[in-house]
Amino acid sequence: MNNSRRIVIQLLIASVAILFCSKLFYMQVIDDDYKSAAQNNVMKRFVSYPFRGMISDRNNHLMVYNDPVYDIKIVPKEFKNVDTAAFCQRFDIPHKDFDKLWKKARRYSWVKASTLKKQLTKEEFAEIESYLIDFPGVYVSPRTVRGYNYKSAANALGYIGEIPPRQLKKDTLKYYREGDYVGRSGLESYYEEYLRGQRGASYKMVNVRGVVKGSFQGGEYDTLSVPGKNLTSTIDLDLQAYAEKLMKGKVGSLVAIEPSTGEILAMVSAPDYDPGLLSGRLLGKNIGKLYGDSLKPLFNRPIMAAYPPGSIFKTLQALVALQEGVIRPGEKIYCDHKLIGDHAPIGLFDIQRAIKYSSNNFFVKVFKEVLNRGVDSNTFVDSRLGLDKWHSYMLRFGLGQRLGIDLPGEKKGYIPSSAFYDRYYGHNRWKASNIQSLAIGQGEVLVTPIQMANMGALLANRGYFYTPHLIKDVDGNGPLEKYTIKHETNIDPAYYDEVIKGMEQVVQGTATRAYIKDFPIAGKTGTVQNPHGPDHSVFMAFAPVEHPKIAVSVYVENAGWGGRAATAISGLVLEKYVRGHITRPWMEKYVLKGDFLY
Amino acid sequence: MEDQIQRKGRFLGNLDWLAVLLFFMLVFVGWLNIYAAVYNEEAHRSIFDLGLNSGKQLLWVGTTIVLVTGILAVDFKFFDSFAYVIYGVVMLTLVIVLIFGREVAGSKSWLEIGAFRLQPAEFAKFATALGVAKFLSSPSMKMDKLMTYVRAAMLILLPMALIVLQGDVGSAMVFLILVLAFYREGLTGLVLVIPTVIGAVSLLSLLYPVVAVTLGLLAVAVLIIAIGEKTKKRIAMVVVSLGFLCMVSVGVHYVVFNIFKPHQQGRVKAFIDPDGDPLGVGWNVTQAKIAIGSGGFWGKGFLHGTQTKFDFVPEQSTDFIFCTIGEEHGWVGSAGVVLLFALFMFRLIFLAERQKSRFVRVYGYCVVSIIFFHWFVNVGMTIGLFPVIGIPLPLVSYGGSSLWAFTMLIFIFIKLDAHRMQMMAR
């Protein structure tokens, strides 16, 4: 009997041994999960964040740089025997907040670091640095945020912020991780891939607290980080700041372009904001405020707002009429006020005089002739063919489509096509007279301020333009390739001279606020009817007339007749840029005093 | 020649060298892995470095050899004659530790003598084994009577109670396994069957709703009644058992979820569902399994493990030393150590069975039972087959008290076995 009991005990031991061996075999040989779990445990990918590229203006004034900030982190397990009251006092954390943060950190992990306080500035960090040693389990991780030397060009520069979940999902290359900073608007967003540089990664073996214990496989898979590329902007900071000063207290936009290159010298969206408001810790607090502002400071008007161009559109209409041969330079036609209401006197007008007095009837007349060339005996069909041709001219001027500026969110504006009117009136149920207000920049046509400035540039160039852009140099390699391509309008340069002569007379005659002695400016005013309040004021100009250096468009909402705000501002900006100083301080005072906010 | 044998016989007797070899193999395995468990590649510290656990353990091993020599030098009759004295002295130290003990990690089980720290609970094992063996070997004992064992159980319950009072429930539970020795001597096999059934029912009640377990038991009871002969006595037995097991089921559930302290509940929960809270109570089990599971067939190689030395596995030198073995030496190493233990226990059973003296046999089975319990619970908890109970892997885990206690436990038996021809049969 006792022998069998001995066997029972031996069987018990043997079966436990077999149970252990088979369970071990399953865990160690069959199931691979433990191996990957072990690797996940010890292998930690350390990302070294490169410095984001910096941005300077065309004269090498540093506009955007990187500012070091410090995150305070805590490892609950190591945070022992600590006088929390002293800790809260030293690190300036309200006791209540600390309790909350502590609970959150413990919930997240007992052994891994949680962020306690984000983005301390250099100065704030210096204050607490020496206390760190007194508090075990408290760590600091440095990072950088954007710093700004000037309060200018916020909307053009844009801001960086944590990557939004939607973008993270779209990131198929899996470059980004949650919490990474990316350009969220403006140049920061458009040039993200250049600015961000290349993150380095090193694979390290860590212990349970994340303390590095050595490199993984001798650092075989490690890569170094590559700093982001620096950008040189086309913006002239002096001009930009001056333009912003002039646009203060107004709603609208100002765009100045160097015609020979398409480089944007200044781009103002008024009202705007201090770019520093959206940097680092302040971002969350301020962005809501800016979004809530009824004057929409985050709305980048130069590229996002589309307005009826008003009378500045007539310059292009003149070019089309000349190119189409419906009128010759110097040819006069009689205009009364029968077709459309008009500020111009009744009488004989040639192209130059029509531009000078902004004759509505003249331009409606030639527009109708452009449309109705008698190609088809049916007026409706003829108008349709005419509009198609007209439409293609407008596209050549860069209208009705995105110019392709290096900013996200550019609007196309709108140039109505025959298809549009077919939908509106019905097929072959409209003709030139139905759509004649296009000739004077009213009606369905919409143009963005950047397109208006580009009009000025192509007029200044007598027939071509380069796509307006804000970055003239990416890390020593010049601008993006698309900005070196010349866009021809294929209109006889002689016709440009004709229009420009008219525009010179505008400044000498009707838009006298832009008139400057010994400083030849060509410009065109516009007043855009606004059903909601005072008319919008617009001016498009370039200077000097021969060898132009700058083309500008100014659009001031609700500022009334074109001669007022927009013209005055343009004149000041043109002179400031070309001469380097202004000769009419009274005009500056006038602009600064004027309040056009509604 | 005759004289030589006589002298040799007096000191070493017929020492079982195989058992001694297995003993030192386990100690050696332990020492190597204690070094590996916290090995730091960059520090370049020697395995003999006294600042390291491995160095200290080597010191303990050295003292162990002195201890072994001492045990072998003592007259074999000493252990028989002084069994109760030894038992009494050790019980006294258990009481002393309750009064003067030093509290470490929640249990008051350490006695400090100068720089020395001892855990008397460890020594209670061999003392109790001696006491029980002495008690059962007295000629007046009737080995087929239940009362004999009930009285012997008192000798076991005393140290258990004292150790529970110290707050070390895990160590106290070890003593229960001595019923294995009782069983060998003639206690009914139900002592093995009943705890197994109760254990199974308890486990099921924790894993599944009590109602489901109760219904399942009912179904089994009906089945048993239906199949066998339907005598009144048998039916009554089944019904009583059913009632008892249902009470166990409800009771276990109640005790675990209403009476257990949060950390004890946590251990149970971690056992039932280690993935439920992998960063909290499930951490130990999860990380232990990861360490062992990542070892593969051949292991990562000596000193090339990562999980234990980077502190993912807590207590990696003591209670969780098996993780280092599993990680660095893979299935070959861990199964090897498991089998080494099995082999050792088989050898000790073989030794026990060849005794003429009941005292030595009972003592031998007590030794086997205690090793078995530690082995089963310790390895079981590291591979997730048993809840985490903080008891060491004999001879392998780091710790002087444990090593000394097991050395005494085992070598007293080896010494007694060496003199089996001289022992009086009773």
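Counting from 1, residues in each chain are numbered in the order their sequence is written. Working convention: letters from A go to chains and numbers from 1 go to ligands, in the order in which they are written. Where local features are concerned, this predicted model is filtered to residues with pLDDT of at least 70; where side-chain atom pairs are given and counted, the filter is 80 or more; whole-chain, interface and lining totals use all residues. No hydrogens and no water enter the side-chain calculation; it runs on all heavy atoms of the structure.

The name given to chain B in an unreviewed UniProt entry is Cell wall polymerase, and the organism recorded there is Persicobacter psychrovividus.

The name that an unreviewed UniProt entry assigns to chain A is Penicillin-binding protein 2, with the source organism given as Persicobacter psychrovividus.

A. Focus on the sheet that holds strand β3 (residues 116-118) of chain B. Residues and elements named next belong to chain B. DSSP bridges decide pairing: two strands pair if at least two such bridges lie between them. Elements are defined by DSSP. Helices are runs of H or I of four residues or more, strands are runs of E of two residues or more, and each kind is numbered from the N terminus. Taken in spatial order, the three strands make up an open sheet running β1-β2-β3, and their pairing is antiparallel. The open sheet terminates on both sides in strands that have one partner only, identified here as β1 (102-104) and β3. The sheet shows a mean angle of 45 degrees between the axes of neighbouring strands, direction not considered. For helices, the axis comes from a line fit to the C-alpha atoms of the stretch in contact; other axes are also lines fit to C-alpha atoms, and the angle between any two N-to-C directions lies between 0 and 180 degrees.

B. Here's a closer look at the side chain of Q436(A). Residue and element names in this part refer to chain A. With respect to the element layout, Q436 can be found in the loop between α17 (418-425) and α18 (449-460). Its relative accessible area of 13% is what places Q436 among the buried residues. For Q436, the side chain forms a polar contact with the main-chain oxygen of L339, separated by 3.3 Å. Sequence-distant contacts of Q436, that is, excluding residues within four places in its chain, are made with L339, I340, V364, F367 and K368. Only protein chains enter the accessibility calculation, which uses a 1.4 Å probe. A residue is then buried if its area is under 20% of the maximum for its type, exposed if over 50%, and partly exposed in between. Contacts described as polar in this section are N or O atom pairs within 3.5 Å, which, within protein, must combine one atom able to donate a hydrogen with one able to accept it, while residues neighboring in sequence count only if both atoms come from side chains. Contacts are residue-level and defined by heavy atoms, with any inter-residue pair within 4.5 Å sufficient.

C. A look at the UniProt feature "transmembrane region" (unreviewed entry) in chain A. UniProt positions are given in the numbering used here, feature names are shortened, and annotations may be inferred rather than shown by experiment. Those places that UniProt annotates as "transmembrane region" (unreviewed entry) correspond, in this numbering, to residues 7-26 of chain A. As annotated, residues 7-26 of chain A has a helix share of 100% and a strand share of 0%, and its two end C-alpha atoms lie 28 Å apart.

D. The arrangement of a nonpolar patch on the surface in detail. Residue and element names in this part refer to chain B. On the surface, L92, V95, I96, I99 and F100 cluster together into a nonpolar patch covering about 490 Å² of accessible area. For F100, the location among the structural elements is in helix α5 (residues 83-100). We classify F100 as exposed; its relative accessible area is 64%. Excluding any residue in a salt bridge, patches collect residues exceeding 30% relative accessible area, merging like charges within 9 Å and nonpolar Val, Leu, Ile, Met, Phe, Trp and Tyr side chains within 5 Å. Areas reported here follow the Shrake-Rupley algorithm with a probe of radius 1.4 Å; residue values treat only the protein chains shown as occluding. Within this document, salt bridges are pairs made up of a side-chain nitrogen of Lys or Arg and a carboxyl oxygen of Asp or Glu, the two lying within 4 Å of each other.

E. Examining the pattern of salt bridges more closely. All names here are of chain A. Following the criterion strictly, the structure yields 29 salt bridges over all chains and no others. Between E188 and R52 there is a salt bridge, and its shortest N-O distance comes to 2.9 Å. A residue pair is termed long-range when its members are at least 10 positions apart, and E188 in helix α8 (residues 186-190) and R52 in the loop between β1 (43-48) and β2 (55-56) qualify at 136 residues. Among the ionic pairs, R328 bridges to E331, the shortest N-O distance being 3.7 Å. Exposure remark for R328: the relative accessible area of 56% places this residue in the exposed category.

F. Spotlight on the sheet that holds β1(A). Residue and element names in this part refer to chain A. The antiparallel open sheet is built from three strands, whose spatial order is β1-β8-β9. The open sheet terminates on both sides in strands that have one partner only, identified here as β1 and β9 (212-215). Across the sheet, the axes of successive neighbouring strands diverge by a mean angle of 45 degrees, strand direction being ignored. In terms of strand pairing, β1 meets strand β8 (residues 200-206) through six bridges, oriented antiparallel. Among the inter-strand pairings, V47 is bridged to a residue of β8, identified as A201. Across the sheet, helix α2 (residues 33-42) is in contact with β1 and β8; its angle to β1 comes to roughly 40 degrees.

G. Highlighting the packing of aromatic side chains. Residues and elements named next belong to chain A. Think of it this way: a Phe, Tyr or Trp ring, Trp meaning its six-membered ring, pairs with another when their centres are within 6.5 Å, and the plane angle makes it stacked under 30 degrees, edge-to-face over 60, tilted otherwise. Under the criterion given, the structure shown has 42 aromatic pairs over all chains. For the pair F79 and F98, a centre-to-centre distance of 6.0 Å together with 45 degrees between the ring planes defines the contact as tilted. Of the two residues, F79 sits in the loop between β3 (62-74) and α3 (84-90) while F98 sits in helix α4 (residues 95-108), which places them 19 residues apart along the sequence. The buried category is assigned to F79, whose relative accessible area is 7%.

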